[in-house]
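What follows is the residue order along each chain.
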Number of protein chains: 2
Amino acid sequence: SPSEREGHSSTQSSHRLLAYSDALISIIATVMILPVAHTKVEDNEELRESVQVLLTTKIAVYLMTFLIVTVAWAAHILFQVIVRIDDCLALLNLACMMLITFLPYTFSLMATFPENVLGILLFCGCVMVIGIIQSVIVLYAFSRPFLLNEQIQISENQTFYKHHILKVIMRVPIMCFFASIFSFIFFQLSYVLLAIIIFLPYISQCLKWCRSKAIQVEETPDSMLFYTYLPNEPLSKERVEAFSDGVYAIVATLLILDIEDNVPDRTVVQKQFGGSLIAALQGYGPEYLAYFGSFATVGLLWFVHHSLFLHVTKATRFMGLLNTFSLAFVGGLPLAYQLTHEFPPNSHNELEAIQISCVIIFFAGIFQLAIWVVALYSEQETLHPYVRYGGREHVFMLAKLALYPCIALGMFFLTCILSKFSAPIFHLMEITVPFAFLVLRILVRVGLALLRLIFCPDRPDRRTI
Amino acid sequence: SPSEREGHSSTQSSHRLLAYSDALISIIATVMILPVAHTKVEDNEELRESVQVLLTTKIAVYLMTFLIVTVAWAAHILFQVIVRIDDCLALLNLACMMLITFLPYTFSLMATFPENVLGILLFCGCVMVIGIIQSVIVLYAFSRPFLLNEQIQISENQTFYKHHILKVIMRVPIMCFFASIFSFIFFQLSYVLLAIIIFLPYISQCLKWCRSKAIQVEETPDSMLFYTYLPNEPLSKERVEAFSDGVYAIVATLLILDIEDNVPDRTVVQKQFGGSLIAALQGYGPEYLAYFGSFATVGLLWFVHHSLFLHVTKATRFMGLLNTFSLAFVGGLPLAYQLTHEFPPNSHNELEAIQISCVIIFFAGIFQLAIWVVALYSEQETLHPYVRYGGREHVFMLAKLALYPCIALGMFFLTCILSKFSAPIFHLMEITVPFAFLVLRILVRVGLALLRLIFCPDRPDRRTI
């Protein structure tokens, strides 16, 4: 066993610590949709206006949280350098996690009081303390080299690694320090700085990548291993999968939390329905339909994600970014669910709620498709032979990924034309899609045969699927 | 890569499906505390009475959900037999998960309308459909033997395995079938049957185990491999850890969801505090303290769990049951957090809320200690040499596990004596415990040296830690 080999009985593999932190981060990112979903929209208001109010504050908080915790998740690559931990490191990491889970609160303060500097200061303070704790973790680990991974342990320039990692870790806290100083002078600038911070790894390193492509700079391959933030830097596929699973699982769970509210009140059943529970529950029919439909959608989006990553052999940072965008929309599904069954049937609001749902599903699906498209550009490294161009699963994979965007798009236009039947159409779609996936393989085969028949009827039939 | 070896390109390792299902199950088990925690307790009511009302309905729903989904989690051992899946199995499993996440709703119906048979019928219906889907999964997998694990694939009596697994899977649905029939005749009996179902694996197999100990029956070792439900049957340690991580992570996240409500209203700040956000936030001081204290408690309980399972080499089913009990109390921590900062300072209700918190922390800790005690009974198989009797980490491990129960117990009695200072004492404890863990190693060493000095001052000093 690996714990037999270790010389220091009090050190431990960092694997489970990383898994726990990942779970915490994926849940905190997703659960922030709840304050958005639970905002009560009055029936007499126009949904469009309410949604605009939502957009300016709560959805902004949700998206910012989602992005910042994804940055935090990526920064946890730290524990791929530090592969063994002791009690002290475990406790320091827990302190870090405590501050990361506190960040959404500071966002809420910012969104509610945008002109007050306190929210910015609190956020910057948290990030700076996180940076200091992470630096302490790095210094502590490098002072006890048996905690590091073997590659660095045997490397001669350990101090180079230490400084490189410290530099990357302290970049964000230092920008936060300037943001907090600017907040006293001209606080609008602080927001610009904060927005830059969130996209910092992508912006700065995209520029670097472009430059390296243009001038053909030769970088030391040694320093490329960790923390380059290049778009083609490999990410741990297992961690991407685990993070995505966490998001899909919590989204599916939030749905049942809402349906819990649909247990009728005892007194209402007694007075309005003469004690008949069945009669009382019949009114909740649309809710059940919406619940099962939404669960099917979340489950199938997970299924598509699962099918895709099964054939991905290496995940890059750019694919990870697209995955984050897809997940951010998946996290919006509880909001879609809440909206679709909140309004009276055939109202204008219901129609718009369903259109919003279609948009959310469309983007969740299209970003999954984008991961696949990006992977195809370097298919030799990132994809399994079966799903490369000409592979026998290639077309089927494409069909799987394109199914949800196509259905969502079709549904959107159908609801525009047949505005009266929007809700039944939407729920019908959600319930029938699983069957579409079951027969998809046959459909693709038939479709390919037809295409072949139309465009090249002379060529002999070649089974591709 | 493993996907290279497979003959059938459309089959996949079931590993990620299992991980996703586990995440879903652990989250659904924990998130059901939210309806309990969000029950508003009025200030003028006596807390004790309100808690009694809670106990009869919502806490019962929470505990039943937690236990039943843990049973569902254990039943997912199915995917240790079926190690490869195809699209069809993945979709069938998602249908299963959809029904499992729907179970809490049926519990709510039962708890709200205990005398109505509809709740029981819905629950039994769901369980029966789950049983049918799981049987279909088994039949489908055994009709395609390349999906099964190698041991069964090469085994000659595949049909024996099939029947054994089907028998175990159908046991609960058949009991539910009888429960639903009884519900028309004498519905109180149905509840007894349902309670038996939840503990069925433990009750029936404890009896079997006792019998086998008494009569020394020789069982075929072949059939012992899966689904024996014996208390000493090995559980996958990785799955126990992942399930526990899910619960701890969601509990930590639920805390921040509540603190989101503590963003003051714009109009209130304008009117009552003259626009000063700092002045408005000062009123929330106790909430921040309670948040950080509760987070520290959850984090450290995870830390203790992590330290324990690091030295566990094999988890048994009985250890899994004790772990479930511990987690059920950990899941109650958001309720404790909600209660402790809801009441005016120095009120009788606040005192009782803190005592409830102490009880919850005590039981969460004592069941962790129980896992360790049970493991010690068969330490040769279940524990790492370092932590066995006489091992150099033995006493330190004991101190780690005993710390929280001792502190919670001490706190409980302190709040009884110094009832005026209960809240400050409680928060002080929660904040200082992390430091206690840091100096625990030194404390244990000093304690051991003292004991040695008192009881056997003649013996030469032997370093054990």
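Computed from a predicted model, the values in this text were never measured in an experiment.

**Q** It is not clear to me how the overall build of chain A should be interpreted in this structure. Could you clarify?
**A** When its secondary structure is counted, chain A shows 20 helices and 4 strands. Within the span of chain A, comprising 465 residues, buried residues form 57% of the whole. Taking the contacts inside chain A whose residues are at least 6 apart along the sequence as the reference set, 79% of them involve residues at least 24 apart. Carbon and sulfur atoms provide 68% of the accessible area of chain A, an area that totals close to 20,000 Å².

**Q** Would you mind going over the interface of chain B and chain A with me for this structure?
**A** A common way to express how large an interface is: the accessible area buried when the components associate. Between chain B and chain A, the contact holds 85 residues from the first and 86 residues from the second. Of the roughly 7,400 Å² buried between chain B and chain A on both sides combined, carbon and sulfur atoms contribute 71%. For the chain B face of the interface with chain A, the top three residues by lost area are R16(B), Y20(B) and Y105(B), together amounting to 11%. Scanning the region where chain B abuts chain A turns up 2 salt bridges. Taken together, chain B and chain A are joined by 6 residue pairs in polar contact (both at pLDDT 80 or more). When grouped by side-chain class, the residues that make up the side of chain B that touches chain A number 54 nonpolar, 17 polar and 14 charged.

**Q** For this particular structure, what's the right way to read the nonpolar core?
**A** Soluble globular proteins tend to bury their nonpolar side chains together. Core analysis: the largest hydrophobic core is formed by 296 residues, its most contacted members being F123(A), F437(A), F123(B) and F437(B). With 16 residues, helix α6 (residues 87-112) of chain B is the single largest residue contributor to this core.

**Q** Looking at this structure, how should I read the side chain of H311(B)?
**A** Relative to the helices and strands, H311(B) resides in the loop between α14 (285-310) and β4 (315-316). Within the structure, H311(B) has its side chain in polar contact with the backbone oxygen of S307(B) (distance 3.2 Å).

**Q** What should I look at first to understand the relation of the copies chain B and chain A in this one?
**A** Note that the two copies of the chain are related through a rotation about an axis and a translation along the same axis. Rotating chain B by 180 degrees and translating it 0.0 Å along the rotation axis places it on chain A, where the RMSD comes to 0.0 Å. Here the symmetry operator amounts to a two-fold rotation axis. Here 100% of the contact residues of chain B are again contact residues in chain A; the copies associate through an equivalent surface.

**Q** Explain the pattern of salt bridges to me, please; I cannot follow it from the model alone.
**A** Pairs may arise between side chains of opposite charge once their charged atoms sit close together. All names here are of chain B. Applying the stated criterion to the full structure yields 10 salt bridges over all chains. The shortest N-O distance in the salt bridge between R441 and E393 comes to 3.4 Å. One end of the pair, R441, is in helix α20 (residues 422-455); the other, E393, is in the loop between α18 (379-382) and α19 (394-417), with 48 residues separating them in the sequence.

**Q** Whenever I open this one, the side chain of Q368(A) confuses me. Can you help?
**A** Residue and element names in this part refer to chain A. For Q368, the position within the fold is in helix α17 (residues 348-377). With a relative accessible area of 2%, Q368 lands in the buried category. If we skip the residues at most four places from it in the chain, Q368 touches Y248, L301, V304, H305, L308, S326 and L401.

**Q** Just checking my understanding: could you explain the packing of helix α2 (residues 15-31) of chain A against helix α11 (residues 237-259) of chain A for this structure?
**A** Two packed helices can be described by the angle between their axes and the distance between those axes. Residue and element names in this part refer to chain A. Interaxial distance between α2 and α11 falls to 8 Å at its minimum, and their mutual angle equals 45 degrees. As summarised for this structure, α2 and α11 are arranged oblique, according to the angle between their axes. For the element pair α2 and α11, the recorded crossing hand is right-handed. In contact with L18, D22, I25, S26, I27, T30 and V31 of α2, α11 contributes R239, F243, G246, V247, I250, V251 and L254. Along the lines of polarity and charge, the residues of the contact of α2 with α11 split into 9 nonpolar, 3 polar and 2 charged.

**Q** Explanation requested: the packing of aromatic side chains in the structure shown.
**A** Any two aromatic rings considered together are summarised by their centre-to-centre distance and by the angle between their planes. Under the definition given, this model contains 38 aromatic pairs over all chains. Note on Y404(B) and F437(B): the rings are 6.1 Å apart at their centroids and 40 degrees apart in plane angle, and the pair reads as tilted. Here F437(B) lies in helix α20 and Y404(B) lies in helix α19, a separation of 33 residues in the sequence. The same class applies to Y404(B) and to F437(B), which are both buried. The rings of F102(A), Y105(A), Y288(B), Y291(B), F292(B) and F295(B) are connected pair by pair, giving a single aromatic cluster. The cationic tip of R144(A) hangs over the ring face of Y140(A); the distance from NZ or CZ to the ring centre is 4.1 Å.

**Q** Even after reading the chapter, I still don't get the confidence of the model for chain A, so can you show me in this structure?
**A** Detail in the predicted coordinates should be disregarded across regions flagged by low pLDDT. All names here are of chain A. Averaged over every residue, the pLDDT of chain A is 79; residues scoring 70 or more account for 85%. Low confidence marks residues 220-230, where pLDDT is under 50. Its contacts with residues over four positions away, or in another chain, come to 35 contacts. Both confidence scores are given for the complex: pTM 0.82, ipTM 0.79.

**Q** What am I meant to see in the environment of F102(A) here?
**A** Position of F102(A) among the secondary structure elements: in helix α6 (residues 87-112). Residues F102(A) and L122(A), 20 residues apart in the sequence, show an inter-C-alpha distance of 9.9 Å. In this structure, F102(A) is in contact with C126(A), I256(B), I259(B), Y288(B), Y291(B) and F292(B), ignoring residues within four places of it in sequence.

**Q** When you look at the environment of A315(A) in this model, what are you seeing that I'm missing?
**A** Relative to the assigned elements, A315(A) resides in strand β4 (residues 315-316). Remark: the alpha-carbon pair of A315(A) and E381(A), spanning 66 residues in sequence, is separated by 9.3 Å.

**Q** Explain the state of the cysteines here, please?
**A** Each disulfide consists of one covalent bond between the sulfur atoms belonging to two cysteines. Residues and elements named next belong to chain A. All chains considered together, the criterion is met by 0 disulfides over all chains. Free cysteine C88: the closest other cysteine sulfur is in C96, separated by 13 Å. Classification of C88 by relative accessible area gives partly exposed; the value is 24%.

**Q** What am I meant to see in the environment of I259(B) here?
**A** Mapped onto the elements of the fold, I259(B) is located in helix α11 (residues 237-259). Taking the C-alpha atoms as reference, I259(B) lies 44 Å from V81(B); in sequence the two are 178 residues apart. Discounting residues that sit within four places of it in the chain, I259(B) has contacts with F102(A), Y105(A), E287(B), Y288(B), Y291(B) and Y337(B).

The rules behind these values
- Residues numbered from 1 in each chain as written.
- Chains lettered and ligands numbered in written order.
- Predicted model: local features only at pLDDT ≥ 70, side-chain atom pairs only at ≥ 80, totals over all residues.
- Heavy atoms only, no water.
- Helix = DSSP H or I, 4+ residues; strand = E, 2+ residues; numbered from the N terminus.
- Buried < 20%, exposed > 50% of the residue type's maximum accessible area, 1.4 Å probe, protein only.
- Contact = heavy atoms within 4.5 Å.
- Areas by Shrake-Rupley, 256 points an atom, 1.4 Å probe, with all protein chains shown as cover.
- Buried area = accessible area lost by both parts, 1.4 Å probe.
- Salt bridge = Lys/Arg side-chain N within 4 Å of Asp/Glu carboxyl O.
- Polar contact = N/O pair within 3.5 Å; in protein donor to acceptor, adjacent residues only side chain to side chain.
- Nonpolar A, V, L, I, M, F, W, Y, C, P; charged D, E, K, R; others polar.
- Core = buried A, V, L, I, M, F, W, Y, C linked by side-chain atoms within 4.5 Å.
- Least-squares fit on C-alpha atoms with pLDDT ≥ 70 in both.
- Axes fitted to C-alpha atoms, helices over the stretch in contact; angles between N-to-C directions.
- Parallel < 35°, antiparallel > 145°, perpendicular 65-115°, else oblique.
- Left-handed = near helix turned anticlockwise from the far one by under 90°.
- Phe/Tyr/Trp six-rings, centres within 6.5 Å; stacked < 30°, edge-to-face > 60°.
- Lys NZ or Arg CZ within 6 Å of the ring centre and 35° of its normal.
- pLDDT = per-residue confidence, 0-100.
- Disulfide = S-S within 2.5 Å.

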